[in-house]
Amino acid sequence: AKKKKKKNSEIRALVDDRNEKTGRKIRDAEVSKIPFMIIVGEKEEKEGTVSVRKHGEGDLGTFTIKDFVSLIEEEVAKTIVEF
């Protein structure tokens, strides 16, 4: 089996591994103003995708990892202010 080397996209992430229901974790992340949430359940793991939620906008749908990284890179590019 070949190992694939993944590019480090320099995205900082936190994992909420508390023994709480998903809805509670989503609410807590919204209250904490976490910009993006990635939800990975059995379906997403099997399909190699992630379910994405954005603070203040809600569910953005299902993305491949590559598409999610592109979304984050676009968001970062929009928020960078040049001096």
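Residues numbered from 1 in each chain as written. Predicted model: local features only at pLDDT ≥ 70, side-chain atom pairs only at ≥ 80, totals over all residues. Heavy atoms only, no water.

Section: the sheet that holds strand β1 (residues 36-39)
Logical step 1: Strand order in the open sheet made by the 3 strands is β1-β2-β3, with antiparallel pairing throughout. The sheet is open, and its two edges are formed by β1 and β3 (58-64), each paired on a single side. Between one strand axis and the next, the sheet turns through 30 degrees on average, direction left out of account.
Logical step 2: With 4 bridges joining them, β1 and strand β2 (residues 49-54) adopt antiparallel strand pairing. Note on β2: the bridge partner recorded for Ile 39 is Ser 51.
Logical step 3: Its contacts with the sheet put helix α1 (residues 22-31) on β1 and β2, and the angle it makes with β1 is roughly 165 degrees.
Logical step 4: Helix-sheet contacts for helix α3 (residues 65-79) involve β1, β2 and β3, and the interaxial angle to β3 is about 125 degrees. (Pairing = 2+ DSSP bridges. Helix = DSSP H or I, 4+ residues; strand = E, 2+ residues; numbered from the N terminus. Axes fitted to C-alpha atoms, helices over the stretch in contact; angles between N-to-C directions. Contact = heavy atoms within 4.5 Å.)

With respect to the nonpolar core
Logical step 1: Listed in full, the 7 residues of the largest apolar core are Phe 36, Val 50, Val 52, Phe 63, Phe 68, Leu 71 and Ile 72.
Logical step 2: The set of elements that each furnish at least two residues to this core consists of β2 and α3.
Logical step 3: Top contributing element to this core by residue count: α3, with 3 residues. (Core = buried A, V, L, I, M, F, W, Y, C linked by side-chain atoms within 4.5 Å. Buried < 20%, exposed > 50% of the residue type's maximum accessible area, 1.4 Å probe, protein only.)

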